Amino acid sequence: RGSLGGGDKKNPIARRSPRSDRCSSERVCERDHDASTSSTRRRDSGSGDAEDEGAVSRRRAAVAMAVASSSLLVPSLRSSAVEASSERIARDYDKYSANYDPLEVGELAKAAQLSDLRALAVSKASGRTLEIGIGTGINLDLYDFAKVSELTGLDISQGMLDKSLERVQAGGLDGKVRLVRGDAANLPFEDGAFDTVVVTYALCVIPDAEASLREVARVLKKGGKGKGYLVEHIASDFKPLASYQSFISPFIATFGKGCDPSKDIPSAVGKSGLQLMDIDRRVGGTVAFMQVQPDNIG
């Protein structure tokens with residue numbers, strides 16, 4: 001922005017000879033009179049500048065106070081925005097639930113190796129396992145319940161959970177699987193409750209992926225016992241492609257079930273109390289399998 005002071009502070013007063021008592025001519029009198037008037041205007045202008053500067057100072061102080069006051073509202077506004085996004089996602093996925101599976105595990109997903117990475121992540125699960133974003137339960141058939149003692153499936157959409165329940169009942173998995181409606185950024189479980197956490201293609205949709213990853217770190221067992229397996233649409237490690245992803249992400253988020261493919265999930269892992277133990281990138285680095293564990297392994 002330009003200066004808020006306004007006016008030119010460099011207003012030199014023109015020097016002139018002292019005015020004589022008697023005018024030698026009418027022209028001389030007029031010249032002296034004009035000079036005197038000009039000097040008076042300049043002095044008045046200088047006084048106005050001082051007043052302007054005082055007004056500007058008061059305005060600046062008022063703006064500073066307003067900014068300081070509004071900054072106190074930012075966390076609550078951000079929290080409200082995330083909460084609103086979560087509610088919107090829940091409503092949207094209630095609608096998607098009826099026709100969700102063909103896109104997620106159809107021929108296109110198989111051709112892009114999305115299904116292969118999904119199966120890889122689920123095959124690693126053992127002990128008490130949490131799947132965040134279980135959706136319609138399309139991963140249920142991939143779990144080895146000889147290794148998984150109990151599976152808890154969490155989703156924010158009741159419509160998706162209803163579809164999961166149908167699969168649980170059809171597969172005779174009652175007693176092995178429990179379904180919980182909840183927010184991935186605020187998991188309703190105790191610290192260190194799980195041996196394994198699985199997340200497949202959900203972090204790109206979750207509004208606050210970093211908060212969800214912090215929750216993964218919290219609910220996993222410590223001491224090197226807890227493991228997380230993530231499969232996700234992520235920002236490519238090839239910068240031109242990552243820039244393109246960032247450019248098209250609003251379109252993809254609108255027409256791709258809310259998924260933002262430009263999130264840098266590997267970096268978010270490192271900021272969330274987790275260690276990235278392994279990463280396997282596919283499809284130009286835009287999809288990846290990641291193994292993580294809590295930072296505190298002692």
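Just so it is clear, the structure is predicted and the values come from calculations on it, not from any experiment.

(A) Spotlight on the environment of Arg178. Of note, Arg178 is situated in strand S3 (residues 177-181). The partly exposed category is assigned to Arg178, whose relative accessible area is 36%. Sequence separation of Arg178 and Ser164 is 14 residues, and the distance between their C-alpha atoms is 9.9 Å. Once you skip the residues sitting within four places of it in the chain, Arg178 turns out to touch Arg128, Glu150, Leu151, Thr152, Gly153 and Phe189.

(B) Up close: the sheet that holds strand S5 (residues 227-233). The strand order across the open sheet formed by seven strands is S3-S2-S1-S4-S5-S7-S6, and the pairing between neighbours is mixed. Of all strands in the sheet, those bounded by a partner on one side alone are S3 and strand S6 (274-282). Put simply, the sheet's adjacent strands are angled 20° from each other on average, direction ignored. Where strand S1 (residues 128-132) lies against strand S4 (residues 196-200), four bridges are found, and the strand directions are parallel. Its bridge partner being in S4, Leu130 is matched across the sheet by Val197. Helix H7 (residues 209-219) contacts S1, S4, S5, S6 and strand S7 (287-294) of the sheet and is inclined by roughly 120° relative to S6.

(C) Summary view of the environment of Thr286. Along the chain, Thr286 turns up in the loop between S6 and S7. For the pair Thr286 and Ser236, spaced 50 residues apart in the sequence, the C-alpha separation amounts to 4.6 Å.

(D) A look at the confidence of the model for the protein chain. Confidence in the prediction of the protein chain, expressed as mean pLDDT, is 76, and 62% of residues score 70 or more. Across residues 1-48, confidence stays below pLDDT 50; counting only partners more than four residues off in sequence or on other chains, it has 21 contacts.

(E) Representation of the nonpolar core. The biggest cluster of nonpolar side chains holds 29 residues, and the ones touching the most others in it are Leu130, Ile132, Phe189, Val197, Leu203 and Leu230. Listed by contribution, the elements that provide at least two residues to this core are S1, S4, H7, helix H9 (265-270) and S7. With five residues, the single largest contributor to this core is H7. The next biggest cluster of nonpolar side chains, apart from the first, holds 13 residues, and it includes Val122, Ile134, Val148 and Val198.

(F) Spotlight on unusual backbone geometry. Phi is positive for Tyr201, close to 55°, though the residue is something other than glycine. One can find Tyr201 in the loop between S4 and H7.

What counts, and at which threshold
Residues numbered from 1 in each chain as written. Predicted model: local features only at pLDDT ≥ 70, side-chain atom pairs only at ≥ 80, totals over all residues. Heavy atoms only, no water. Helix = DSSP H or I, 4+ residues; strand = E, 2+ residues; numbered from the N terminus. Buried < 20%, exposed > 50% of the residue type's maximum accessible area, 1.4 Å probe, protein only. Contact = heavy atoms within 4.5 Å. Pairing = 2+ DSSP bridges. Axes fitted to C-alpha atoms, helices over the stretch in contact; angles between N-to-C directions. pLDDT = per-residue confidence, 0-100. Core = buried A, V, L, I, M, F, W, Y, C linked by side-chain atoms within 4.5 Å.

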